[in-house]
Amino acid sequence: MPETADLPGAPGTPAASLAKGAVPAQTAPAGPAAAEAGPAPGKPRSLWSDAWYELRRRPTFLVSAAVIVLLLLIAAFPGWFTSADPRFGDLEGHYLQDPQLTHFFSPEWLGYNQQGQSIYARMIYGTRSSIVIGISVTAIVLVFGGLLGMIAGFFGGWVDAVLSRVTDIFMGIPFLLGSMVVLVSFDERSELTVTLALAFLGWTVVARVMRGSVISVKQADYVAAARSLGAGTWRLMLRHVLPNAIAPVIVVAMVALGGYITAEAVLSYLGLGLTEPAISWGGDINRAQDQIRVAEHVLLFPSILLSITILSFLMLGDAVRDALDPKLR
Amino acid sequence: MGRYVARRLLQMIPVFIGSTLVIFLMMYSLPGDPIRALWGERAPDEAQMALIRERLGLDDPLLVQYWNYLTGIFQGDFGRQIGTRREIYDVISEALPATLRLTGLALLITAVVGVGMGLIAGLRAGGKTDRGILFVTLLLISVPVFVIGYVYQTYFGHRLGWMEPVVQDDQDFAQLWLPALVLASLSLAYVARLTRTSIVENRRADYMRTARAKGLPAHRIVGVHLLRNSMIPVVTFLGVDLGNFMAGAVVTEGIFNINGIGNAVYRALAAREGATVVGIVTFIIVVYLFITLIVDLLYAVLDPRIRYA
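Everything numeric in this text was worked out from a predicted model, so none of it was measured. Every chain begins its residue count from 1, and numbering advances along the sequence as written. Each chain takes a letter, starting from A, and each ligand takes a number, starting from 1, following the order in which they are written. Per-residue local features are limited, in this predicted model, to residues with pLDDT of at least 70; the limit for side-chain atom pairs, both in listing and counting, is 80 or more; totals at the level of whole chains, interfaces and linings are taken over all residues.

Asks: Just to check I follow, could you spell out the overall build of chain B for this structure?
Replies: Under the DSSP-based scheme used, a helix requires at least four consecutive residues in state H or I and a strand at least two consecutive residues in state E, with every element numbered from the N terminus. Helix and strand counts for chain B come out as 12 helices and zero strands. Over its C-alpha atoms, taken along the principal directions, chain B stretches across nearly 85 × 55 × 30 Å. Three exposure classes are used, based on other C-beta atoms lying within 10 Å of a residue's own C-beta, which is placed from the backbone: buried for 20 or more, exposed for 12 or fewer, and partly exposed in between. Burial statistics for chain B: of 309 residues in total, 38% are counted as buried. In chain B, 73% of the contacts between residues at least 6 apart in sequence involve partners at least 24 apart. Throughout, a pair of residues is in contact if the C-beta atoms placed from their backbones lie within 7 Å.

Structure follows, in structure tokens:
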């Protein structure tokens, strides 16, 4: 579940440790020791180039990134991966037919479902909705939660008090139950509806982490220096505070992405996610549950692909967190 | 301490009002009309419908309805379901024991197995056991709960026959083990990872070296010094997670056919029984708020350096 982002209790702590590490990395010119390990000797190294350098050498990052690129390709061009029509059902010929491995990636290699539709084709065409929902919820949550968190942290005082209470209010509502209440009011649910329902309650975690991170960054000397040089509020926020405060937020958002994909699947499974004729893994798993005693493959294969997808996003988030957190190096 | 608790209780009030208001507005702006549904497929009588609406106060502005609802709750009156005419208080209190047993068992499994796995992994950080445990936890996190539910039900319940695949009597703890294990699996993985991180960080702390230098036996060093100091993030997570358990029970109770809160809220959502949904969510919000307070107070128990003035 997404609200259980992989963070210890106080969201301020990891943010603070990250941001403090970010400051010297960003401002210090490359010394001899840094130049030796760094990607571009002579140039000042930023937290991001450090992280990228670190990431490229991690097998977990490479594997999960490769899987995600493949999933993105499937989502964008499902026709490249199967010639079968995911909506074409042949009840007489293919009802709950077992997998037949004549050759890989043929329409029948993972069997057929209770409508006589090719399970493989439905898995391929179902990828798009999961990926699109996961990424767009994350994007909305990043922009909205990030903005709110930054305003609360940067201005402090009564602005912070009000925004933090609003965050508390939305955090008190259980994520999954709340989304269910939103979604039950729509008879036809598209990707947009599900995305908005998840984002409606999902932004709180990002807002909290952003707030904590901004508070710890805005006390840095370079912010005071820029202020005394006459930089305006917006320039301070966007040029000085934001780049140094964003790292922990990115990490939380990446780990949460896997959670949003899970949430979409759970909602579809409960019959409150995407409605027909949309194809989604959760919906297919939901419809497969009646046949689980006679035909396990109908439930098994979409579940495996769903789990692999979530696993790759989680592993990517883990790798990025390790790379961005200088304390762990 | 007393003043701290009082301040926290006061801070809860706006959050409580805000959350319940949001959920109330969400629920009551739903299309679909339970009053119309009373007639089923027959043509409704407009005058009767208007009378029922007026009796139930559904003609009032939403904020007035909300105020009436809120004052009712504080007098123990959650209202009645429109379709079944049952007191919602009864609906909740009938469903609650099963969910409490289920979540209690799940919490126990999460705490014992999760902390145990995290402790073993943390003490052998970097080794094969550690990597194995980390991989298992990642797997548990990435497989959605309903898939885990079906896999456990099929293999442990039907194939191996170790446990009852469907709960017939929710008073019998022996039957609740399987659903509790399913419900716990996600949190268990998070707890194991949190414990591991915490243990790895604290293992090199000065007080650990002191404890070892004093010649304390290993079980005391790990059990008292290391574990107790590593528990703060874990306790926080467990506290927040109890609310998730109640919401996650929607899926688990559905798979294993337990008549608990999750099933009740799902049925109420399907029947558009707004008052029931709001009642149950309100209950979960209250539980969540009180647990976060208790967790904060537990910090002081775990770490005597933390004091609340």
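Asks: Would you mind going over the overall build of chain A with me for this structure?
Replies: The number of helices and strands found in chain A is 13 helices and zero strands. Starting at the N terminus, the α and β elements of chain A follow one another as α-α-α-α-α-α-α-α-α-α-α-α-α. Considering only intrachain contacts with a sequence separation of at least 6, the fraction spanning at least 24 residues in chain A is 72%.

Asks: Explanation requested: the UniProt feature "transmembrane region" (unreviewed entry) in chain B in the structure shown.
Replies: Residues and elements named next belong to chain B. UniProt positions are given in the numbering used here, feature names are shortened, and annotations may be inferred rather than shown by experiment. Taken from the UniProt record, the annotation "transmembrane region" (unreviewed entry) applies to residues 12–30, 102–121, 133–153, 173–194 and 277–302. Taken end to end, residues 102–121 is 100% helix and 0% strand, and its first and last C-alpha atoms sit 28 Å apart. Between the end C-alpha atoms of residues 133–153 the distance is 23 Å, and the span holds 90% helix and 0% strand.

Asks: Which parts of the structure should I look at to understand the UniProt feature "domain: ABC transmembrane type-1" (unreviewed entry) in chain A?
Replies: According to UniProt, the feature "domain: ABC transmembrane type-1" (unreviewed entry) maps to residues 127–317 of chain A in the numbering used here. Here residues 127–317 of chain A is 82% helix and 0% strand, with 20 Å between the C-alpha atoms at its ends.

Asks: In this structure, what is going on with the interface of chain A and chain B? I would like to understand it.
Replies: Each side of the interface is counted separately: chain A has 37 residues, and chain B has 42 residues. For the side of chain A that touches chain B, the elements supplying multiple residues, two or more each, are helix H7 (157–172), helix H8 (175–184), helix H11 (233–269) and helix H13 (297–324) of chain A. For the side of chain A that touches chain B, the element with the most residues is H13(A), which contributes eight residues.

Asks: Is there a simple way to explain the nonpolar core in this structure?
Replies: In summary, soluble globular proteins display a tendency toward joint burial of nonpolar side chains. Any set of buried Ala, Val, Leu, Ile, Met, Phe, Trp, Tyr and Cys residues joined through C-beta atoms within 7 Å is what this text calls a nonpolar core. Grouped together as the largest cluster of nonpolar side chains are 168 residues, with contacts concentrated most on Met180(A), Val181(A), Val206(A) and Val265(B). Among the elements that line this core, the one with the most residues is H11(A), at 20 residues. Bear in mind that the domain bounds are from an automatic or database domain assignment. Taken together, domain 1 (2–73) and domain 2 (89–302) of chain B each give at least three residues to this core, which thus spans both. What Val181(A) contacts, discounting residues up to four positions off in sequence, is Ile23(B), Met26(B), Met27(B), Leu269(B) and Val277(B).

Asks: Before we go on, may I ask you to explain the domain arrangement of chain B in this structure?
Replies: Where the parts come together, the accessible area they lose is often given as the size of the interface. Residue and element names in this part refer to chain B. When its domains are assigned, chain B resolves into domain 1 (2–73) and domain 2 (89–302). The gap between the C-alpha centroids of domain 1 and domain 2 is 33 Å. Looking at the side of domain 1 that touches domain 2, the element that brings in the most residues is helix H1 (residues 2–28), giving 10 residues. Residues belonging to the side of domain 1 that touches domain 2 are distributed by class as follows: 10 nonpolar, three polar and one charged. Amino acids are sorted into nonpolar (Ala, Val, Leu, Ile, Met, Phe, Trp, Tyr, Cys and Pro), charged (Asp, Glu, Lys and Arg) and polar (every other residue, Gly among them).

Asks: Would you take a moment to explain the packing of helix H10 (residues 221–228) of chain A against H11(A) for this structure?
Replies: Two quantities define a packed helix pair, namely the angle between the axes and the distance from one axis to the other. Residues and elements named next belong to chain A. Note on method: axes are straight lines fitted to C-alpha atoms, helices fitted across the in-contact stretch only, with angles between N-to-C directions ranging 0 to 180 degrees. As a packed pair, H10 and H11 sit with axes 10 Å apart at the nearest point and diverge in direction by 150 degrees. By the criterion of interaxial angle, the relationship of H10 to H11 is roughly antiparallel. Like other packed secondary-structure pairs, H10 and H11 cross with a definite hand, here right-handed. Residues Tyr222, Val223, Ala226 and Arg227 of H10 lie in contact with H11, whose contacting residues are Leu236, His240 and Val241. A breakdown of the residues in the contact of H10 with H11 according to their chemical character gives five nonpolar, one polar and one charged. Each angle gets one of four labels, with under 35 degrees taken as roughly parallel, over 145 as roughly antiparallel, 65 to 115 as roughly perpendicular, and the rest as oblique. Crossings are assigned a handedness: left-handed for a near helix turned anticlockwise from the far helix by less than a right angle, right-handed for a clockwise turn.

Asks: Got a minute to help me understand the UniProt feature "transmembrane region" (unreviewed entry) in chain A in this structure?
Replies: Residue and element names in this part refer to chain A. Mapped onto the present numbering, the UniProt feature "transmembrane region" (unreviewed entry) falls at residues 61–81, 131–157, 169–186, 245–263 and 299–320. Between the C-alpha atoms that bound residues 131–157 there is a distance of 39 Å. The span itself is 96% helix and 0% strand. The straight-line gap between the two end C-alpha atoms of residues 245–263 is 28 Å; of that span, 100% is helix and 0% is strand.

Asks: Looking at this structure, how should I read the packing of helix H6 (residues 119–155) of chain A against H7(A)?
Replies: Residues and elements named next belong to chain A. Contact geometry for H6 and H7: axes closest at 7 Å, N-to-C directions at 145 degrees. As H6 runs across H7, the sense of the crossing is left-handed. Packed against H6, whose contacting residues are Leu148, Ile151, Ala152, Gly153 and Phe155, the element H7 presents Gly157, Val159, Asp160, Leu163 and Ser164 at the interface. Of the residues in the contact of H6 with H7, the class split is six nonpolar, three polar and one charged.

Asks: Whenever I open this one, H6(A) confuses me. Can you help?
Replies: Residues and elements named next belong to chain A. To estimate the expected span of a helix, subtract one from its residue number and multiply by 1.5 Å. Compared with an ideal rise of 1.5 Å per residue, which puts 37 residues at 54 Å, H6 spans 53 Å between its outermost C-alpha atoms and is within 8% of the ideal. Take the seven residues that end at a residue and the seven that start at it, fit an axis to each, and the angle between those axes is the bend at that residue. Along H6, the helix axis deviates most sharply at Gly126, where the bend reaches about 30 degrees. H6 sits mainly inside the fold: 27 of its 37 residues count as buried. At the exit of H6 stands Gly156, carrying a positive phi of roughly 60 degrees.

Asks: How do you make sense of helix H9 (residues 206–213) of chain B when you look at a structure like this?
Replies: Since the α-helix turns once every 3.6 residues, residues separated by three or four places project in the same direction. Burial analysis of H9(B) places just zero of its eight residues in the buried class, which makes it a mostly uncovered element. Phi turns positive, to about 80 degrees, at Gly215(B), one or two residues after H9(B).

Asks: I'm lost on the confidence of the model for chain A in this one. Help?
Replies: Low pLDDT means the predicted atomic positions in that stretch should not be read closely. Residues and elements named next belong to chain A. On a scale of 0 to 100, pLDDT captures the predictor's confidence in every residue. The predicted model of chain A has a mean per-residue pLDDT of 78, with 84% of residues at 70 or higher. The least confident element of chain A, judged by mean pLDDT, is helix H1 (residues 12–27) at 40; the most confident is H6 at 90. Predicted confidence for residues 1–39 stays below pLDDT 50, and this span has 89 contacts to residues more than four positions away or in other chains.

Asks: Explain the environment of Leu139(B) here, please?
Replies: In this structure, Leu139(B) sits in helix H6 (residues 128–142). Residues Leu139(B) and Val301(B), spaced 162 residues apart in sequence, show a C-alpha to C-alpha distance of 34 Å.

Asks: Honestly, the environment of Val166(B) in this entry has me stumped. Any pointers?
Replies: Residues and elements named next belong to chain B. Within the secondary structure, Val166 is located in the loop between helix H7 (145–159) and helix H8 (173–203). Remark: the alpha-carbon pair of Val166 and Leu176, spanning 10 residues in sequence, is separated by 9.1 Å. Not counting residues up to four positions away in its chain, the partners in contact with Val166 are Phe256 and Asn257.

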